[in-house]
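# Remarks on the overall topology
Spelled out from the first residue to the last, the chains are:
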Amino acid sequence: QFNNYFIMEINFIKTIGFVAGLFSTFALAPQAIKIYKTKKVDQISIGMLSLMLTGASLWLVYGLLEDDMNIIWANCVGLIFIIFMLVFKIKDKGQL
């Protein structure tokens with residue numbers, strides 16, 4: 001009985017982590033899509049993107065060290081969005 005409760009609690013916690021990663025990661029999607037469609041990045045801060053890149057990279061390393069798939073997948077996908085926006089921003093500045 002106790003064992004089943006413990007397993008259900010772990011699954012619930014992992015589900016919360018998955019849903020949190022889903023929302024946090026895909027919160028970047030509307031901005032990335034807008035940049036792709038309009039090719040305009042003048043309102044995007046390169047400093048913000050740099051901080052997000054650093055944060056997502058560190059979260060990815062942490063996820064790998066902890067072997068936490070929720071953290072790993074969320075930050076891999078997040079890094080794709082961030083790098084995409086950063087490339088557009090740097091190209092807009094003529095630095096790429």
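Preceding this paragraph is the structure being described.
This write-up is about the structure you can find in this document. (Residues numbered from 1 in each chain as written. Predicted model: local features only at pLDDT ≥ 70, side-chain atom pairs only at ≥ 80, totals over all residues. Heavy atoms only, no water.)

### So, the packing of helix H3 (residues 46–66) against helix H4 (residues 69–92)
Close contact between H3 and H4 brings their axes to 9 Å; oriented N to C, the two are set at 155°. In terms of their interaxial angle, H3 and H4 are classed as roughly antiparallel. For the pair H3 and H4, the crossing hand works out as left-handed. Here Ile46, Leu49, Met52, Leu53, Ala56, Ser57, Trp59, Leu60, Tyr62, Gly63 and Leu64 of H3 lie close against H4, whose contacting residues are Ile71, Ile72, Asn75, Cys76, Leu79, Ile82, Ile83, Met85, Leu86, Lys89 and Ile90. Taken together, the residues of the contact of H3 with H4 break down into 18 nonpolar, three polar and one charged. (Axes fitted to C-alpha atoms, helices over the stretch in contact; angles between N-to-C directions. Helix = DSSP H or I, 4+ residues; strand = E, 2+ residues; numbered from the N terminus. Parallel < 35°, antiparallel > 145°, perpendicular 65-115°, else oblique. Left-handed = near helix turned anticlockwise from the far one by under 90°. Contact = heavy atoms within 4.5 Å. Nonpolar A, V, L, I, M, F, W, Y, C, P; charged D, E, K, R; others polar.)

### With respect to helix H2 (residues 29–38)
Those residues of H2 that sit buried are Ala29, Ala32 and Ile35. All buried residues of H2 project into a common sector of 130° when viewed along the axis, lining one side. Every exposed residue of H2 that faces more than 90 degrees away from the buried side is listed here: Pro30, Lys34 and Lys37. Downstream of H2 by a residue or two, Lys39 has a phi angle that is positive, lying close to 60°. (Buried < 20%, exposed > 50% of the residue type's maximum accessible area, 1.4 Å probe, protein only. Arc of directions from axis to C-beta.)

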